[in-house]
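Examining the three-dimensional arrangement
What follows is each chain in one-letter form.
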Amino acid sequence: MNDAAGGQPLLQVRGVRKSYRSGGGTLEVLRGVDFEVEPGGFVAIVGQSGSGKSTLLHLMGLLDAPDSGEVHLGGQRIDSLSATRRDRIRNTEIGMVFQAYHLLPELDALENVLAPLFVRYSVGQWLRQRGDARRAARELLERFGLGGRLHHKPRQLSGGEMQRVAIARALVARPRVLLADEPTGNLDEASGSGILDTLCELNREDGLSIVLVTHDTSIARRADRIVRLAAGRVEIA
Ligand code: ADP
Ligand code: MG
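Residues numbered from 1 in each chain as written. Chains lettered and ligands numbered in written order. Predicted model: local features only at pLDDT ≥ 70, side-chain atom pairs only at ≥ 80, totals over all residues. Heavy atoms only, no water.

1. A few points about the nonpolar core
One finds L117, L141, V165, I167, L171, L178 and L199 to be the most contacted residues of the largest nonpolar core, which totals 44 residues. Within the residue set of this core, elements represented by two or more residues are β3 (42-46), α3 (109-120), α4 (123-143), α5 (159-171), β7 (177-181), α6 (189-206), β8 (209-213) and α7 (217-220). Per element, the largest residue contribution to this core is seven residues, and it comes from α5. When residues of this core are assigned to domains, at least three fall in each of domain 1 (1-93 + 176-237) and domain 2 (102-174). (Core = buried A, V, L, I, M, F, W, Y, C linked by side-chain atoms within 4.5 Å. Buried < 20%, exposed > 50% of the residue type's maximum accessible area, 1.4 Å probe, protein only. Helix = DSSP H or I, 4+ residues; strand = E, 2+ residues; numbered from the N terminus. Domains from an automatic or database assignment.)

If you want it as structure tokens, here you go:
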């Protein structure tokens with residue numbers, strides 16, 4: 001969680017456009033979006049269902065490419081890099097969390113958190129790093145109140161616990177920014193509020209930069225800044 005140099009935005013989206021082909025026509029979802037997150041910032045993106053929030057977050061997380069426009073991380077343009085370098089950035093510098101937790105059902109909580117590191121390291125590197133990696137994963141799970149659940153499989157965990165495992169997995173490689181797409185969308189109010197407490201704590205105490213997408217303005221108020229997506233553009237809420 002390495003901060004960018006003074007004054008420079010950590011994450012920046014410039015003039016991003018994205019359309020989808022649907023039926024016979026074209027659906028213009030993003031029509032020139034400009035948006036930035038400062039180092040240590042906590043920004044919520046709100047907008048109605050279908051307004052393009054997930055599309056925008058996926059572009060920032062390099063899960064998809066804009067039709068035009070640019071995405072920069074720490075002053076470097078990242079959307080136009082080679083597939084290998086984009087994979088590397090996605091695996092090391094950007095953490096993502098989704099409404100559905102996407103945990104691997106056969107792995108326990110600790111193994112799920114470690115999964116991104118299996119991908120990141122060669123076998124030799126993994127053998128050298130695994131003690132430190134397991135310690136880091138265990139510490140994250142303990143911090144999130146899951147010290148007693150390290151060897152539980154996802155089906156043995158509650159929704160809130162599964163989302164905490166997913167957040168720990170997103171953070172294990174120490175990314176520069178966490179992108180969260182409706183992370184409380186499948187949770188009851190109390191579990192959802194616990195997840196938001198965790199995100200606020202990571203932002204305040206660790207200086208983690210966060211982008212939180214939600215259709216719920218009461219959730220968005222937990223962020224320092226709210227932007228609204230409407231008609232394919234960003235407006236300050
Ligand atoms: P939100 O997250 O704000 O609900 P999305 O970004 O998921 O909105 O979707 C924006 C619009 O784009 C929606 O109308 C959706 O149906 C459409 N859309 C999203 N992904 C695709 C896709 N892969 N192909 C075609 N249309 C899509
Ligand atoms: Mg969405």
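Next, the rest of the story.
2. With respect to the domain arrangement of the protein
In terms of domains, the protein is made up of domain 1 (1-93 + 176-237) and domain 2 (102-174). Placing a centre on the C-alpha atoms of domain 1 and another on those of domain 2 gives a separation of 23 Å. Across the contact, 18 residues belong to domain 1 and 14 residues belong to domain 2. Of the roughly 1,400 Å² buried at the junction of domain 1 and domain 2 (both faces included), carbon and sulfur atoms supply 58%. Counting across the domain 1 and domain 2 interface gives three salt bridges. Notably, a salt bridge pairs R143 with E201, separated by 3.2 Å at the nearest N-O pair. For the pair domain 1 and domain 2, the number of links is four residue pairs in polar contact (both at pLDDT 80 or more). Secondary structure elements with two or more residues in the side of domain 1 that touches domain 2: α2 (83-92) and α6. Of the residues belonging to the side of domain 1 that touches domain 2, the class tally is eight nonpolar, five polar and five charged. (Contact = heavy atoms within 4.5 Å. Buried area = accessible area lost by both parts, 1.4 Å probe. Salt bridge = Lys/Arg side-chain N within 4 Å of Asp/Glu carboxyl O. Polar contact = N/O pair within 3.5 Å; in protein donor to acceptor, adjacent residues only side chain to side chain. Nonpolar A, V, L, I, M, F, W, Y, C, P; charged D, E, K, R; others polar.)

3. Concerning the side chain of D79
In this fold, D79 is placed in the loop between β5 (76-77) and α2. Look at D79 and you get buried, because its relative accessible area is 13%. A distance of 2.8 Å separates a polar side-chain atom of D79 from the backbone nitrogen of V71. A distance of 2.9 Å separates the side chain of D79 from the side chain of R77, its partner in a polar contact.

4. So, the pattern of salt bridges
The full count for this structure, using the stated rule, is 14 salt bridges. Here R77 and D79 are joined by a salt bridge, their closest N and O atoms 2.9 Å apart. Across the pair E93 and R176 runs a salt bridge, and its minimum N-O distance is 3.2 Å. On the criterion of sequence distance, the pair formed by E93 in the loop between α2 and β6 (94-97) and R176 in the loop between α5 and β7 is long-range, its members being 83 residues apart. Residue classification places R176 among the buried residues on the basis of a relative accessible area of 17%. One network of salt bridges, with partners in common, ties together R14, E70, R77 and D79.

5. Remarks on the site of ligand 1
Taken together, Y20, L27, V29, Q48, S49, G50, S51, G52, K53, S54 and T55 make up the full set of residues near ligand 1. Residue T55 places a side-chain N or O atom 2.6 Å away from an oxygen atom belonging to ligand 1. For ligand 1, whose free accessible area comes to 560 Å², the fraction covered by protein is 59%. Listed by contribution, the elements that provide at least two residues to the shell around ligand 1 are β2 (25-37) and α1 (53-60). If one sorts the elements of the shell around ligand 1 by residue count, α1 sits on top with three residues. Residues that form the shell around ligand 1 fall into these classes: three nonpolar, seven polar and one charged. (Near = heavy atom within 4 Å. Areas by Shrake-Rupley, 256 points an atom, 1.4 Å probe, with all protein chains shown as cover.)

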